[in-house]
Amino acid sequence: MQSMPSMLEESVIDAKERFFEFLRSFRDRTGNYKYRDRVRQMITMGQKSLIIEYNDLYIFDTKLARLLIDMPDEVLRQASEALKEFVESEAPEYAESVGKFHVRVRSLPRTLPLRKLRSEYIGKLVMLEGILVRATPIKEKITKAVFIHCTRDQGCHEFEWPPEGELVGETLEKPPACPICGSASGTFRLVPEKSKLIDWQRIVLQERPEEIPPGQLPRSIEVVLQDELVDSARPGDRVTIVGVVRVRPDSAKRKAIYDLYIDAIHLEVSQKLLEEVIITREDEERIKTLARDPWIHKKIVASIAPAIYGHWDIKEAIALALFGGVPKVTPDGTRIRGDIHVLIVGDPGTAKSQLLQYVARIAPRGIYTTGKGATAAGLTAAVIRDKTTGEYYLEAGALVLADGGVAAIDEIDKMRDEDRVAIHEAMEQQTVSIAKAGIVARLNARTTVIAAGNPKFGRYLTNRTLADNINLPVTILSRFDLIFILKDKPNPDEDRRVAHHILQVHKETEKVKPEIEPEMLKKYISYARRYVRPRLTSDAIKLIEDFYVQMRRMSLESSDGAIPITLRQLEALVRLAEAHARMALRNEVTTEDAEAAIRLMKAFLESAGLDIESGKIDIDIIMTGKPRSKQEKFTRIMEIIEQLESESEEGCARLRDIQKRALSEGIESNIVDEAIRTMRRDGIIYEKSLGCYAIVR
Amino acid sequence: MESRLDIMLELVELEYMLRPVRTMIIRDADTIEIDGLKVELKKGVETELPYWLARQLASKDMAKLIETPISLEDIARLHFSVISAKTPSDLEPLPQYFYQEAKTVIQDLEERARKELNPALFEESQKMMQYLVDIIDKRLTMILQSLRSPTTIAELSSRLAPEEATLLSHLNTVLRKWKEKVLPRHQRFGDNDEP
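Note that the coordinates shown come from a computational prediction; the quantities given were computed from them, not determined experimentally. (Residues numbered from 1 in each chain as written. Chains lettered and ligands numbered in written order. Predicted model: local features only at pLDDT ≥ 70, side-chain atom pairs only at ≥ 80, totals over all residues. Heavy atoms only, no water.)

## Some thoughts on the interface of chain A and chain B
Right, on to step 1. Across the boundary between the two partners, chain A contributes 14 residues, which contact 17 residues of chain B.
Right, on to step 2. When the two sides are added together, the surface that chain A and chain B hide from each other amounts to roughly 1,500 Å², 46% of it contributed by carbon and sulfur.
Right, on to step 3. Run the count over chain A and chain B and you get zero salt bridges.
Right, on to step 4. Scanning the region where chain A abuts chain B turns up seven residue pairs in polar contact (both at pLDDT 80 or more).
Right, on to step 5. Of all elements in the fold, only α4 (54-60), α5 (62-70) and α8 (281-292) of chain A reach the threshold of two or more residues within the side of chain A that touches chain B.
Right, on to step 6. Here the side of chain A that touches chain B gets five residues from one element, more than from any other, and that element is α4 of chain A.
Right, on to step 7. Per-class residue counts for the side of chain A that touches chain B are six nonpolar, two polar and six charged. (Contact = heavy atoms within 4.5 Å. Buried area = accessible area lost by both parts, 1.4 Å probe. Salt bridge = Lys/Arg side-chain N within 4 Å of Asp/Glu carboxyl O. Polar contact = N/O pair within 3.5 Å; in protein donor to acceptor, adjacent residues only side chain to side chain. Helix = DSSP H or I, 4+ residues; strand = E, 2+ residues; numbered from the N terminus. Nonpolar A, V, L, I, M, F, W, Y, C, P; charged D, E, K, R; others polar.)

## As for the pattern of salt bridges
Residue and element names in this part refer to chain A.
Right, on to step 1. Per the stated rule, a full pass over the model turns up 45 salt bridges over all chains.
Right, on to step 2. Between Lys288 and Glu284 there is a salt bridge, with the nearest N and O atoms lying 3.3 Å from each other. Placement of the pair is Lys288 and Glu284 together in helix α8, with a separation of four residues, close to one helical turn.
Right, on to step 3. On the basis of relative accessible area, Glu284 is assigned to the partly exposed category, the value being 21%. (Buried < 20%, exposed > 50% of the residue type's maximum accessible area, 1.4 Å probe, protein only.)

## Structural notes on the confidence of the model for chain A
Right, on to step 1. The share of residues in chain A with pLDDT of 70 or more is 90%, and the mean pLDDT across the chain is 80.
Right, on to step 2. This model gives residues 1-6 of chain A a pLDDT under 50, and the stretch forms four contacts once residues within four places in sequence are excluded. (pLDDT = per-residue confidence, 0-100.)

## Observations concerning empty space enclosed by the protein
Residues and elements named next belong to chain A.
Right, on to step 1. Under the defined criterion, the tally for this structure stands at two cavities of 30 Å³ or more.
Right, on to step 2. Of the voids in this model, the largest cavity is the one considered here, and its volume is about 60 Å³.
Right, on to step 3. The wall of the largest cavity is formed by Arg337, Glu428, Ser478, Arg479, Phe480, Asp481, Arg568, Gln569, Glu571, Ala572, Arg575 and Met601.
Right, on to step 4. Its residues assigned to classes, the lining of the largest cavity comprises three nonpolar, two polar and seven charged.
Right, on to step 5. Here the second largest cavity is characterised by a volume of approximately 30 Å³. (1 Å grid on protein atoms, 1.4 Å probe; cavity = no way out; pocket = protein on both sides within 12 Å on 5 of 7 lines; lining within 4 Å. Points joined across faces, edges and corners; volume = space filled by probe spheres on them.)

## Some remarks on the state of the cysteines
One covalent bond between the sulfur atoms of two cysteine residues makes up a disulfide.
Right, on to step 1. For the structure on display, the rule yields two disulfides over all chains.
Right, on to step 2. Look at chain A and number its bonded cysteines as they come in the sequence; the links are 1-2, 3-4. (Disulfide = S-S within 2.5 Å.)

## Side note on the side chain of Thr23 of chain B
All names here are of chain B.
Right, on to step 1. Looking at the element boundaries, Thr23 is found in strand β1 (residues 20-25).
Right, on to step 2. Overall, Thr23 belongs to the buried group, its relative accessible area being 0%.
Right, on to step 3. A polar side-chain atom of Thr23 sits 3.1 Å from the main-chain carbonyl oxygen of Val21.
Right, on to step 4. Here Thr23 is in contact with Val45, Glu46, Thr47, Leu49, Ala54, Ala63, Lys64 and Ile66, once residues within four sequence places are set aside.

## Things to note about the sheet that holds strand β20 (residues 448-453) of chain A
All names here are of chain A.
Right, on to step 1. Reading across from one edge, β14-β17-β20-β13-β21 is the order of the five strands in this open sheet, with parallel pairing throughout. Because the sheet does not close on itself, it has two edges, and the strands there are β14 (366-370) and β21 (482-486). Put simply, the sheet's adjacent strands are angled 15 degrees from each other on average, direction ignored.
Right, on to step 2. In the sheet, strand β17 (residues 406-410) pairs with β20 via four bridges, with the strands oriented parallel. In the strand pairing of β20, Ile409 is matched with Ala451. (Pairing = 2+ DSSP bridges. Axes fitted to C-alpha atoms, helices over the stretch in contact; angles between N-to-C directions.)

Pasting the structure below:
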């Protein structure tokens, strides 16, 4: 095998010259001098980095390009000198004003999976892809230190360290002797203000969720960004990094053990959402053939978790959420989300988790997590202190990592308190804002949420409202476009059918075949989300409009004035109809799509938004947690307390009196107790003396 | 008489020529019928035609192939990955019809360079040719190496182009026959050879 120094002598000697020649004479397909133009552009824009395509260098000089992979430090150093020389010939003043030019290489022919990064790559140039999960704030790193050396005999004098041609590495060490006087004695003092500093940032790159082998932990690696690369990506961004693999001791105690890290020379944020799913020409043909099938909607719904019996509405809602509506940005910059959020609340053993796991498998960029979250960052994001370095990091949570995809959140009712606050913003504005420990950031979370939760009392109590049954604030509940309740009620016929299905699954597992294979379905969804942008037709608009107005009119006609539907549901209807059109790869939302959306919305309202007392649909059950009928009773109870308070000498209303007067108006005692409990909790009333209540003023 | 290897390679070429390609008709002409296949030549129509026919129509400026042919950049990328392979297990599969397509593209480029007297095109074809030769050399070395062990042959064969798989199978047969001739009967089928 050829030794490194001999390789250097044979090949690197003319690297500078060859690179200069590359900049001067490389022509692209159109015959243009690509890099001459780029250098001129770099000068005009006042930049100091030149980005080159690896393939261009490979075609120009295969040997030099291969050497760049094997000995990047040396080749890049010479390339940087060549670039400086080139700039000197074009703009001498600019070349002089910029200390060092950087040559940045992009698009290596091969991406190294993070999992395969081993010691054999140390010192080599590699390209990695992954998600940026953590980032430190920007710091400044000394590249050339200025020291003051003072001795009794010779006084004080300044010098730069390390000497000409070298730069400060990982650690800044005190010079062993003064290069001016040669003396090692006296004091050496660093002058940071006079030293040369560059921007520096440390980030953590993690494998993409879809690349992690089942049952394995995601791998991650630290990446150091310097100079113009700092702050070019945010946690949650999918990035491609080209850099040199380096090592550093993992801790001070165990000096023989080293950690790998990447010294980045180029970073690119992937703009192409959903492009990770590769669709070949054959796939495209199959997708188009499938879309022509008149039964495509049914086929897609039937392909969602075929091992799970029934739950057609929920499966349809999940299918629609996977396709999603079309996000819109109005000219004034307002963003309307296209993602459809679905919540399933159900008794234990109703296959909620299985449904969610299936969703994560077929969704492009699908992530499965639980309410507690797998990392400290939980569902949204967190500022975390690194135990070894003491540095603060901004770490992205599941909703940020699934940006552009689907987050299947199981046990959503058990999420952390911090997430409860941040999820509001994540679900509606589709961003996650954080301001802690000096880190202020807003991360993208354009994620569809498909969540499941367990009832608060173990089983879903039909005589209570939805908000009473689940440990989630109504503000979060109201952000879901569709909510379904899975009740485990014994029914002999249905039970026999379910039991038969499950036993068949156990007997002949291979017979549970989806109509569309999961891999194909994933490609189909990806294709639809990428290329299909349905627009509402006037017929569809009329249908949705009529439904909305008709539902609202019901509130005027009924005596209790319960509001069955609000603008939030209207927007949800549009999203559902768009998603339905997308399912058939249609660019127009037809009446058929609008009808499907309305049917699903009705099913949702009837299951989750039904006021058990009045037997009518009341959206306030989801929007405020209390049906309109109850709200009115609560208001009346407050008025009674107010009246009794003014009538009594004590200045408060006795519980007994409140109950008596309320009963005379047809309000039962249990409602009075509940109202008093709620009003005390909300700070509306207070207990002035034992069993006597007054209004807080 | 043609050897089995020749026939197999011809079959691979035939498959390439018969594969359907998306084609755009760019000039109106009468409908043509070839071997029962009716082709309506109407300007602006996009259709799927066998590759040989699409090329014929393209050469007469009646149609345009929609698929993008393999480029110098594509071959350079492949060259990088083939040359980086250290063992047969590192070898990656080539794109479908790679050899046939590369051969056609190089021939077309050479012809264009001659016609247009364009040195850049000539240089491009030369570079492509050099990459192709390197790729073939490297992959042949791996194929020859794999002949020493049947397990490697099995592992490698799924990653070979049809032309390479044909060659590997042919060489394997020749070697077996050769061993049958030169070795005494009880030594012919060692651990690594099948009877």
